[in-house]
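Coordinates in review
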Amino acid sequence: MIDNVQLNAEGKLKHFITIEGLSNMLLTEILDTAESFVGMTDQQIKKVPLLRGKTIVNLFFENSTRTRTTFELAAKRLSADVLSMSISTSSTSKGESLLDTIRNLEAMFVDMFVVRHGISGAAHFIAQHTAPHISVINAGDGQHAHPTQAMLDMFTIRQIKKDFTQLRVAIIGDILHSRVARSQIQALNILGAAEVRVIAPLTLLPAHVETLGVSVSHNLTEGLKDIDVIIMLRLQKERMTSALLPSESEYFKCFGLTESKLKIAKPDAIVMHPGPINRGVEIESKVADGPQSVILKQVSNGIAVRMAIMSMAMQPQGGV
Ligand code: CP
């Protein structure tokens, strides 16, 4: 459990490290703020001056396509100066510690770090050790959390389905290694979803998964009944330390989402995936590219949601 280093004395967002411990009111404020940015994509000038004069550094110690680029676009649309550091070509490769990297960047008058790191707790560690005026946003840490991904997923669900309290949501696949699933489960429970159901083989579920606030199924055909929102997950092979599955083709046969299996869910069910997708492993191309898929809408919404989180975390902080 992370202490609430995320909030200032007034209960406003200062850092965004995890969904855990945040209120329905705060999550709803993020979604409402993102709503105000979403229309900007249709405007000729896609910029607002909210973060003019601020400096944001993207620190990605792990690879990324969607998160890194949408954070960069979001920062630019808020008129911030943004620097995306490539860690593979930085002095980290010469043995510089994480804290020394942070200290050196602080000396360049940075206002915000956006951090992706392979180690759970890295963003929290930086938030605890950085200068008091700097905000830290977690762009994914180990198997722990990916809170901005969860919020863009919640935004996409609300855009289409409106009311969380009526929704049964299935999260399918490698729950064990997924920081996205952990953050989504927390967000869905805080926002009052009727049911969060995880569907996976026993080997891809954490021990005592029910304590996270989910129901459990090991059978995709049974588990998809009455579902409004389907969230597919990639097999995170880079985090698997032993063979947890007989084969990818066997996994696809049992847990892959195909057109025929999709028909078991509600007829207006939407299909989501945080990406990157592995076609033919967890999802059939016809489903990923089909009419019920909102996978690319999730990516687009990532810009507005990250604009909302960055602008909220850097609003003038009174009383601290
Ligand atoms: N969903 C997600 O985090 O994708 P990237 O790894 O490409 O950022």
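Residues numbered from 1 in each chain as written. Predicted model: local features only at pLDDT ≥ 70, side-chain atom pairs only at ≥ 80, totals over all residues. Heavy atoms only, no water.

**Considerations on the packing of aromatic side chains**
As a reminder, the rule being used: A pair of aromatic rings is counted whenever rings of Phe, Tyr or Trp (Trp by its six-membered ring) have centres within 6.5 Å, and the orientation is called stacked for planes under 30 degrees apart, edge-to-face for over 60 and tilted otherwise. The numbering of helices and of strands both runs from the N terminus, where a helix is a DSSP run of H or I of at least 4 residues and a strand a run of E of at least 2. Using a 1.4 Å probe on the protein chains alone, a residue whose accessible area is under 20% of its type maximum counts as buried, one over 50% counts as exposed, and one in between counts as partly exposed.
Evaluation of the coordinates by the stated rule reveals one aromatic pair. When the ring of tyrosine 251 is compared with that of phenylalanine 255, the centres are 5.7 Å apart and the planes differ by 25 degrees; the resulting orientation is stacked. In this pair, tyrosine 251 and phenylalanine 255 are both assigned in helix 8 (residues 248–255), four residues apart and thus about one turn of the helix distant. Of the two residues, tyrosine 251 and phenylalanine 255, neither departs from the other in class, the shared state being buried.

**Quick look at the pairing of strand 5 (residues 168–172)**
The condition is simple: For two strands to be treated as a pair, DSSP must find at least two bridges joining them. Viewed with both strands pointing away, a crossover whose connecting path from the first strand over the helix to the second turns clockwise is right-handed.
Here strand 5 lies mainly inside the structure; four of its five residues are buried. Of the strand pairs in this sheet, strand 5 and strand 6 (residues 195–199) are connected by five bridges, and their pairing is parallel. Note on strand 6: the bridge partner recorded for alanine 170 is arginine 197. Considered for its hand, the β-α-β crossover made up of strand 5, helix 6 (residues 179–190) and strand 6 is right-handed. Taken together, the four bridges between strand 5 and strand 8 (residues 229–232) define a ladder with parallel strand orientation.

**Let's talk about the packing of helix 5 (residues 147–161) against helix 6**
Let me state the cut-off plainly: Lines fitted to C-alpha atoms define the axes, with helix axes restricted to the stretch in contact, and inter-axis angles between N-to-C directions lie between 0 and 180 degrees. Relative orientations are named as follows: roughly parallel for angles under 35 degrees, roughly antiparallel for angles over 145 degrees, roughly perpendicular for angles from 65 to 115 degrees, and oblique for any other angle. Less than a right angle of anticlockwise turn of the near helix away from the far helix marks a crossing as left-handed, whereas a clockwise turn marks it as right-handed. By the convention used here, residues are in contact when the closest approach between their heavy atoms is within 4.5 Å. Note on residue classes: Ala, Val, Leu, Ile, Met, Phe, Trp, Tyr, Cys and Pro are nonpolar, Asp, Glu, Lys and Arg are charged, and everything else, Gly too, is polar.
The contact between helix 5 and helix 6 brings their axes to 8 Å, and the two run at 50 degrees. With respect to their mutual orientation, helix 5 and helix 6 come out oblique. Of the two elements, helix 5 crosses helix 6, and the hand of that crossing is right-handed. On helix 6, the residues that touch Pro147, Gln149, Ala150, Asp153, Met154 and Ile157 of helix 5 are Val180, Ser183, Gln184, Ala187 and Leu188. Here the residues of the contact of helix 5 with helix 6 are counted per class, giving seven nonpolar, three polar and one charged.

No statement about biological role is implied by the geometric values presented.
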